[in-house]
Amino acid sequence: MPLDLSHLNPEQRAAVEHPGGPLLIFAGAGTGKTRVITYRIARLIESGVEPSQILAVTFTNKAANEMKERIAHIVGPRAKAIWMGTFHNICGRILRQRGHAIGIDPNFVVYDDNDQVALIKQILKNRKTDLSSIQPRSLLNAISRAKERLWTAADFEEHAAGYVEQIASSLYREYNRALRQNNALDFDDMIQFAVRLLRERPDVATHYQQRFQHVLVDEFQDVNHAQYQLVLLLGAEHHNVTVVGDDDQSIYSWRGADVRHIHQFAIDFPNSTTVKLERNYRSTQNILDAANAVIAQNRSRAPKRLVTDRGKGSPVTITEAGTEQDEAMLVANTILEKVREQKRSFSDFAVLYRTNAQSRALEEAFMMMRIPHILIGGIRFYDRKEIKDALAYLRLVVNPNDDVSLRRVINEPTRGVGATSLGRVDSVAQDAGISLWQALTTGQTDLKGKAAAGVRAFVHCIESARHLWEDQRTKGKEATEPILRHLLKASGMIDGLRKEGSADAEERLENLQELLNVAAHHDATAEEPGPVTFLQEVALLSDQDTIREPEAGEGAVTLMTVHTAKGLEFPIVFVVGMEEGVFPHSRSLTEEGGIEEERRLCYVAMTRAKEELHLTHATQRYSYGSTGFNDRSRFLDAIPAEVRSSLLPEREPIATRADLAAAHGRRHAGPRSASLPPAPTRELRGPDWKPPFEPGQRVRHPKFGEGVVVSCMPTRGDCEVTVLFPGEIGQKRLLAGIAKLELL
């Protein structure tokens, strides 16, 4: 029975029916690329190509399995013979079959990240290198980049730039030798050795070039140099290479991906055919027009414009909130309103953000409003390891005899107090009937060397923080943030993560900074600020029982980073933190091509939405120990006025961010006002405007009771005061002139 292609659009059909030779498919977001790859493979099989002669490369094993199931549904069990999998999966098979030609034992093991760290640590130990001066993961990151570039040891030594790369290059030979001695390959080796095998053994290259008469690669915009070279080698004889990707969705340069490869393809295969898939089956035209306008500002891209038959749909909203808490409550309230009034399910909603640290304010708002939610691509903010470690240190300041907390952090970061040493301390404590802290501080242990030095450093860290707390209490002004900041520094947590220098370490640093932000907010707003009440508040907030379990058919709101959201779709999407320095990330401002990648990331975020897209930004955001007044993201300014709206009534334009920052500094220079200033009679605008309420002040409303001021913003002839009330009341926006707020 002939393959039915009637449901494909003309561009999809042209890609599926391409007779042979190199084919580049630019597949825009939501344009049905999986369907095209599936039917192209089915068409090849129908035309007489043996399934075993088809190689299809995907970026996840899940994608490979799903695609193979779809093909099997069309062509039957013959689909099992297709070589389909990730680059690592395919290269592993090739090396086990023919790797012996370059000395690779077919029974090699693959070292994961932890194995690699252990190996590099052992090499450093053998060299008597001080582990505190260099982080193993930093070295491994540099080694990985070198292998992705197919560098030899000599190449690495020649091109090494900076201290970390120079150290890594000096270890490169020894690290690879140790891998060989253990009959092990790391992830990068699998690609690197497959390329080497095909380059050095023409007979092996010919074997696989003849075996794989057709090579198809998905997500081609995300390949690195080694993967690109592998594709060129496999397709060198027949040129039957189909690559599918979207240069507008290349967002993994930090993993070695290079968007230039998708543009290089037509140069390396000059007789290639290009097909553009621009008909979108996911989003409304307003969403696509907004996304098209944003990505069109990138210079390094193939021109394309997504269109749809789904109608214009709702406008894209751009809404300004006062603070990040205000922004989170705006999202929460909007979701609740749509669930109640439009009969939406919570599972219809996704909230996307640039970095994981931004989830904290959202999680707290959702807990307060009892909105069921799940965190994808990461664990809950207060359950993250670095957050638990930091809070354990703080608990020891409040209660040094907390054995659970002490066990958690006495060797975190590593300070030479391993399981054996801790076991000795434990025995002393149990025999004497005292706490671990008492055993450490009364000189009853017989620890020596590194363990003894580590214990002294740990005790000093806790005791110095306790002295700081005692000092605060003596002065009658407790504050958690200075104590927590001292602990993070004195413990070595901050310095250790900075030295590591990896993307993961940077994210953990951002999470710790967000915890400091939470502590500072507590210091400013709590009735009784200090570490005791802060720990109680956090413990209650992170309790799993505070989250209402989704009822049958109700689902939960999804929270995730934009990177994690790639490939997914939701009826309603919120993208928060659309501010300069947040999204685009501040790091991108100094990196070559950084802004263009951030713009691609924004495009990916926007095109996750099927029916509604809501973009939010905050006037002020507490970050890195102080209140920042970031301009709204440049990406928002590219969105055409005719397709955008707001979730809130438009406010009177106020002062510039610089003026607000200056005014903020003046407000916080003096003591708080003891009484409510008279309501202003003129329009509130300009840098000389003085707000009648300040963030952190406690107020009483005749109906809602006591609450805390989150922000105070000018509007026509009045000002809008955002107040956070306890319980289900939540956050309210009130006009000062009619709300009858009483300053407490």
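Just so we're clear, the structure is a prediction, and the values are computed from it rather than from any experiment. (Residues numbered from 1 in each chain as written. Predicted model: local features only at pLDDT ≥ 70, side-chain atom pairs only at ≥ 80, totals over all residues. Heavy atoms only, no water.)

Engineer: Is there a simple way to think about empty space enclosed by the protein in this case?
Structural biologist: Space left empty within the atom packing is revealed by a probe, the size of a water molecule, rolled over the atoms. One pass over the structure, following the stated rule, counts two cavities of 30 Å³ or more. The computed volume of the second largest cavity comes to approximately 30 Å³. What lines the second largest cavity is I37, A56, V57, T58, M67, L216, V217 and D218. Elements with a contribution of two residues or more to the lining of the second largest cavity: β2 (54-57) and β6 (214-217). (1 Å grid on protein atoms, 1.4 Å probe; cavity = no way out; pocket = protein on both sides within 12 Å on 5 of 7 lines; lining within 4 Å. Points joined across faces, edges and corners; volume = space filled by probe spheres on them. Helix = DSSP H or I, 4+ residues; strand = E, 2+ residues; numbered from the N terminus.)

Engineer: How should I be thinking about the sheet that holds β6 in this particular structure?
Structural biologist: One key point about sheets: their strands pair by backbone hydrogen bonds, in either a parallel or an antiparallel sense. Judged by pairing direction, the sheet is parallel, and its six strands sit side by side in the order β3-β2-β6-β7-β1-β8 without closing on themselves. Of all the strands in the sheet, just β3 (83-85) and β8 (273-277) have a single pairing partner and so form its edges. Put simply, the sheet's adjacent strands are angled 10° from each other on average, direction ignored. By the bridge criterion, four bridges tie β2 to β6 in an arrangement that is parallel. Paired with L55 across the bridge in β6 is V215. Set on the sheet, helix α12 (residues 260-268) makes contact with β1 (23-27) and β7 (241-245); between it and β1 the angle comes to about 145°. (Pairing = 2+ DSSP bridges. Axes fitted to C-alpha atoms, helices over the stretch in contact; angles between N-to-C directions. Contact = heavy atoms within 4.5 Å.)

Engineer: Help me understand the environment of G20 in this model?
Structural biologist: Tracing the backbone through its elements, the reader meets G20 in the loop between α1 (10-16) and β1. On the basis of relative accessible area, G20 is assigned to the partly exposed category, the value being 25%. (Buried < 20%, exposed > 50% of the residue type's maximum accessible area, 1.4 Å probe, protein only.)

Engineer: Just checking my understanding: could you explain helix α16 (residues 385-398) for this structure?
Structural biologist: Along an α-helix, residues three or four positions apart point the same way, because every turn accommodates 3.6 residues. With 14 residues, α16 should reach 20 Å at 1.5 Å per residue; the first-to-last C-alpha distance of 20 Å fits that figure. Among the 14 residues that make up α16, 10 are buried, leaving the element largely enclosed by the rest of the structure. For α16, every residue scored as buried is listed here: E386, I387, D389, A390, L391, A392, Y393, L394, L396 and V397. (Expected span 1.5 Å × (residues − 1).)

Engineer: Just to check I follow, could you spell out the environment of F220 for this structure?
Structural biologist: Among the structural elements, F220 can be located in the loop between β6 and α11 (225-234). Not counting residues up to four positions away in its chain, the partners in contact with F220 are Y228, V231, V243, V244, G245, H261, I262 and F265.

Just distances and angles here, no functional claims.
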